[in-house]
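Notes for the structure review
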Amino acid sequence: MRTSMLRSIKSLATSPSSHILRRGYASEAVPQRKVTVLGAAGGIGQPLSLLMKLNPLVSNLALYDIANTPGVAADISHINTRSEVVGYASDAELGKALEGADVVIIPAGVPRKPGMTRDDLFNINAGIVKGLCEAIARHCPKALINMISNPVNSTVPIAAEVFKKAGPYDPKRLFGVTTLDVVRAKTFYAGKAMVPVAEVNVPVVGGHAGITILPLFSQATPKANLSDEEITALTKRTQDGGTEVVEAKAGKGSATLSMAYAGAIFADACLKGLNGVPDVIECSFVQSTVTDLPFFASKVRLGKNGVEEVLGLGPLSDYEKEGLEKLKPELKSSIEKGIKFATQ
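Conventions and cut-offs
Residues numbered from 1 in each chain as written. Predicted model: local features only at pLDDT ≥ 70, side-chain atom pairs only at ≥ 80, totals over all residues. Heavy atoms only, no water. Helix = DSSP H or I, 4+ residues; strand = E, 2+ residues; numbered from the N terminus. Contact = heavy atoms within 4.5 Å. Salt bridge = Lys/Arg side-chain N within 4 Å of Asp/Glu carboxyl O. Buried < 20%, exposed > 50% of the residue type's maximum accessible area, 1.4 Å probe, protein only. UniProt positions renumbered as here; feature names shortened; annotations may be inferred. Core = buried A, V, L, I, M, F, W, Y, C linked by side-chain atoms within 4.5 Å. Domains from an automatic or database assignment. Buried area = accessible area lost by both parts, 1.4 Å probe. Polar contact = N/O pair within 3.5 Å; in protein donor to acceptor, adjacent residues only side chain to side chain. Nonpolar A, V, L, I, M, F, W, Y, C, P; charged D, E, K, R; others polar.

Before going further, it helps to examine the side chain of Asp102. Positionally, Asp102 belongs in the loop between helix H4 (94-98) and strand S4 (103-106). Not counting the four nearest positions on each side in its chain, Asp102 is found in contact with Gln32, Arg33, Lys34, Ala143, Leu144 and Leu274.

What follows is the structure in structure tokens.
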């Protein structure tokens, strides 16, 4: 059974869609890179920290949360991979966790619970993100910020305003992680098109909630002859993926494991870009002029300075054009809500 499991991991590590489990530490000269996870003891933070420990591009892994982080760090530190792991807890240690970080991943915050309104969730998580970004601006202003904390459509604009207030703001270094939408779109498309999922690519644009998520199945590869009804159903399932998981968990959790995987994929892409790997392209919610909105998710080319190029949308189907116009008012409202919160 152990042999079978190791064979499966090896197979996953060599697939085109996943690079995070490759183990090439000894012989390859890779730069020293520090990754900090803020919210490392949470439902997303723990599996995300585990996946970052498995990434051979990471030399130092700093885990921060308000409680329980030393235990998580001790547990993960026993894994025989390259990175050294240190756990930090309490506000007093946040600066140490951030100092010298190349990439900061932020899954911190609370999931929506029964009886909690969206405004309740926004106010809690927005406050957490604002405080963490103020610390980032002080201790590692050059780091690439990977924002996972929801609502991403608002937390990324909050972060931008915090960084503007703190000093020179570099929009190339701030990312909203929308990779889970891409992961879902690839998985659902592969199942419907009956093609190997490892070969699938589907751009997902817009935002990171509900109808603001717009998978561009017309650009999916390999091409499949799907009906309009199938495309509509795939789009809705991608948009409602989070709800699907919450309902399956019967209110006892949300999409923590798949989000951790997606977060690790995007962080890996950022590290590759920093290390000079050419043509690293992922979808992300960034400051953008692709539409008339100040922030928008689309394909971006990653490099040594973060965003090297924000790529255009490409040709859209009539259905996708309609979806784009429908999402704009809601995304605009979420962006403005974040900016208003940060500037109050």
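Bringing the pattern of salt bridges into the picture now. On inspection of all chains with the given rule, the structure shows 12 salt bridges. Between Asp240 and Lys236 there is a salt bridge, and its shortest N-O distance comes to 2.8 Å. The salt bridge partner of Arg301 is Glu309, with a shortest N-O separation of 3.1 Å. Classification of Glu309 by relative accessible area gives partly exposed; the value is 37%. Bridged by salt links that share partners, the residues Asp279, Arg301 and Glu309 form one connected network.

This next bit is on helix H2 (residues 45-53). Most of H2 is tucked away, with 7 of its 9 residues classed as buried. Looking at the packing, one finds that the buried side of H2 touches strand S1 (34-38), strand S2 (60-65), helix H3 (69-77), strand S3 (84-89), S4 and helix H10 (257-274).

On to the UniProt feature "active site" (unreviewed entry) in the protein chain. Annotation from UniProt places "active site" (unreviewed entry) at His208. For His208, the position within the fold is in the loop between strand S7 (204-206) and strand S8 (213-215). You can call His208 buried: its relative accessible area is 10%.

On to the nonpolar core, then. Membership of the largest hydrophobic core comes to 48 residues, with the highest contact counts inside it found for Leu38, Val104, Ile106, Ile136 and Phe163. Taken together, the elements giving at least two residues each to this core come down to S2, H4, S4, helix H5 (118-139), strand S5 (144-147), helix H6 (152-166), strand S10 (295-303) and helix H11 (318-343). With 8 residues, the top contributor of residues to this core is H5. Looking at this core, you find at least three residues from each of domain 1 (34-177) and domain 2 (178-343). Grouped together as the second largest cluster of nonpolar side chains are 41 residues, Ile105, Phe175, Ala269 and Cys270 included.

This brings us to the domain arrangement of the protein chain. The domains assigned to the protein chain are domain 1 (34-177) and domain 2 (178-343). Spacing between the C-alpha centres of domain 1 and domain 2 amounts to 21 Å. In this complex, domain 1 contributes 40 residues to the contact, which on the side of domain 2 involves 41 residues. Here domain 1 packs against domain 2, burying approximately 3300 Å² in sum over the two surfaces, 70% of which is carbon and sulfur. Together, Asn153, Phe175 and Val177 form the three largest contributors to the area buried by domain 1 at its contact with domain 2, with a combined 21%. There are 0 salt bridges connecting domain 1 and domain 2. At the junction of domain 1 with domain 2, the criterion picks out 9 residue pairs in polar contact (both at pLDDT 80 or more). Sorting the residues of the side of domain 1 that touches domain 2 by element identifies H2, S4, H5, S5, H6 and strand S6 (174-176) as the ones contributing at least two each. Tallied by class, residues from the side of domain 1 that touches domain 2 come to 25 nonpolar, 9 polar and 6 charged.

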